[in-house]
Amino acid sequence: MNNVIAAIKRGKSFLVSSHVGPDGDAMASMLAMGWGLEQLGKKVTYFNQDSVPEVLRFLPGSDKVITQLTSQYSFDAAFVMDCGAFKRLGEKFGQFKGYQKLINVDHHASNDRYGDINTVIDDAASTGEVVWAILKKAGCKLTSQIATNIYCTLVTDTGSFRYSNTNAHTLKLAAQMVEAGASPNLVAQNLFESQPYETFVLLGRLLERLQISKDKRYSWSVIYQKDLKETGASYEDTEEFINYPRAIKGVEVAVLFKEMPQNQYKVSLRSKLDVDVSQICAQFQGGGHKKAAACILKGSFEEVSKKIFSSVEKVLK
Ligand SMILES: [Mn+2]
């Protein structure tokens with residue numbers, strides 16, 4: 001923490017970024033950090049190669065995010081948020097060399113500490129919680145822009161304050177953000193009640209294919225590339241889909257397979273009770289948290305699902 005504060009004090013220009021395919025924690029964390037740095041008189045550039053998902057465009061500062069970095073840019077430090085592994089920052093960030101220091105701000109237990117400075121607090125409910133701890137220590141005032149962004153990170157990563165990472169501290173922090181100007185209703189409406197119609201057509205396909213294991217302890221579904229083409233929906237809209245298999249009574253592990261180009265599947269896992277799904281994903285070079293993790297496997301659906309199910313069954317034993 002002291003190293004981050006020193007880097008902020010010393011630097012004049014900063015890049016803020018987050019993992020590809022940014023969710024509400026990744027995007028709102030980088031925006032909150034940017035607002036804080038600007039308040040301290042720093043020059044800030046906001047970058048994510050995948051840009052801002054439609055549902056997050058209400059976030060203050062989201063209009064400043066750029067998707068290209070050229071060699072003309074140069075920064076004293078780059079803050080990267082909510083990203084457990086360097087590769088997940090994307091190819092464009094990977095190729096970019098215009099920063100002196102890389103500052104890794106995260107809450108994933110699986111974070112491999114790839115930064116020059118690493119502020120990884122794995123019991124923080126969201127990366128945004130870590131961001132606010134940094135900004136507070138750096139002497140930032142809590143503005144409504146920062147508060148709305150931090151509040152969004154909490155709602156996203158606690159499943160609207162339903163997951164086991166929700167505790168008294170999380171709720172107090174959320175209340176503090178609301179006092180400073182975050183609107184729970186505005187955030188909820190944008191995150192959960194502004195979905196494109198196509199998303200629900202795609203959800204219909206997922207529900208049609210919903211399966212459950214013989215012992216009813218794990219459940220899964222699959223989305224194919226052709227579903228995206230036929231429904232007009234995109235993977236960006238499927239963030240919440242895994243909550244359906246997870247919500248089935250008795251199910252301890254939920255699995256969602258998403259077909260990717262080039263014979264690959266992105267496999268997302270969620271656990272409801274004690275199962276550590278990050279262990280399962282680590283076997284396939286993936287990562288995440290105990291209760292939410294993902295990995296990418298090559299092969300047909302049959303091949304990929306067989307591998308995943310056998311390791312899910314092992315862990316359930
Ligand atoms: Mn997160």
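Not measured: the values here are computed from a predicted model. (Residues numbered from 1 in each chain as written. Predicted model: local features only at pLDDT ≥ 70, side-chain atom pairs only at ≥ 80, totals over all residues. Heavy atoms only, no water.)

Description of helix H2 (residues 24-39)
For H2, built from 16 residues, the straight-helix expectation of 22 Å at 1.5 Å per residue is met to within 8% by its first-to-last C-alpha distance of 22 Å. H2 sits mainly inside the fold: 13 of its 16 residues count as buried. The N-cap residue of H2 is Asp23: its side-chain oxygen and the backbone nitrogen of Asp25 are 3.1 Å apart. (Helix = DSSP H or I, 4+ residues; strand = E, 2+ residues; numbered from the N terminus. Expected span 1.5 Å × (residues − 1). Buried < 20%, exposed > 50% of the residue type's maximum accessible area, 1.4 Å probe, protein only. Polar contact = N/O pair within 3.5 Å; in protein donor to acceptor, adjacent residues only side chain to side chain.)

Section: the sheet that holds strand S1 (residues 13-18)
The strand order across the open sheet built from six strands is S3-S2-S1-S4-S5-S6, with neighbouring strands paired in parallel fashion. Because the sheet does not close on itself, it has two edges, and the strands there are strand S3 (65-66) and strand S6 (117-120). Relative to S3, strand S2 (residues 43-47) runs parallel, the two sharing two bridges. Bridging from a neighbouring strand, Phe47 pairs with Ile66 of S3. Sitting on the sheet, helix H1 (residues 2-10) touches S1, strand S4 (75-81), strand S5 (99-106) and S6, and the angle it makes with S6 is about 125 degrees. (Pairing = 2+ DSSP bridges. Contact = heavy atoms within 4.5 Å. Axes fitted to C-alpha atoms, helices over the stretch in contact; angles between N-to-C directions.)

A look at the coordination of the manganese ion
All of the protein donors around the manganese ion are Asp25 (OD), Asp82 (OD), His107 (NE2) and Asp157 (OD); their distances to the metal are 2.1 to 2.4 Å. Each donor residue of the manganese ion lies on one chain, and together they are spaced D-x56-D-x24-H-x49-D. Placement of Asp25 in helix H2 and of Asp82 in the loop between S4 and helix H3 (91-95) is noted, with a sequence separation of 57 residues between them. Residue classification places Asp25 among the buried positions, given a relative accessible area of 0%. (Donors = N, O, S within 2.8 Å, 3.2 Å for Na, K, Ca; no water.)

Regarding the nonpolar core
By size, the foremost hydrophobic cluster in this structure holds 48 residues, and its most contacted members are Met33 and Phe79. Sequence-distant contacts of Phe79, that is, excluding residues within four places in its chain, are made with Val4, Ile8, Phe14, Leu15, Val16, Ser17, Met33, Leu37, Ile103 and Val105. (Core = buried A, V, L, I, M, F, W, Y, C linked by side-chain atoms within 4.5 Å.)

Considering the pairing of strand S9 (residues 253-260)
With six of eight residues buried, S9 is to be regarded as a mostly interior element. Direction of pairing for strand S8 (residues 218-223) relative to S9: parallel, over a ladder of six bridges. Residue Ser221 lies in a different strand from S9, and its bridge partner there is Leu256. Pairing geometry for S9 and strand S10 (residues 264-271), over eight bridges, is antiparallel. Pairing of Val253 across the sheet is with Ser271, part of S10. As consecutive antiparallel partners, S9 and S10 are separated by three residues, and within that stretch Gln262 has a phi angle of approximately 65 degrees, a positive value.

Here we look at the domain arrangement of the protein chain
As far as domains go, the protein chain holds domain 1 (2-192) and domain 2 (197-316). Taken over C-alpha atoms, the centre of domain 1 sits 26 Å from the centre of domain 2. On the domain 2 side, the residues contacting the ten residues of domain 1 number nine residues. A combined buried area of about 760 Å² lies between domain 1 and domain 2, and 45% of that area is made up of carbon and sulfur atoms. Taken as a group, His108, Ser110 and Tyr163 account for 40% of the area that domain 1 buries against domain 2, more than any other trio of residues on that side. The tally of links from domain 1 across to domain 2 stands at zero salt bridges. Across the side of domain 1 that touches domain 2, the residue classes tally to four nonpolar, four polar and two charged. (Domains from an automatic or database assignment. Buried area = accessible area lost by both parts, 1.4 Å probe. Salt bridge = Lys/Arg side-chain N within 4 Å of Asp/Glu carboxyl O. Nonpolar A, V, L, I, M, F, W, Y, C, P; charged D, E, K, R; others polar.)

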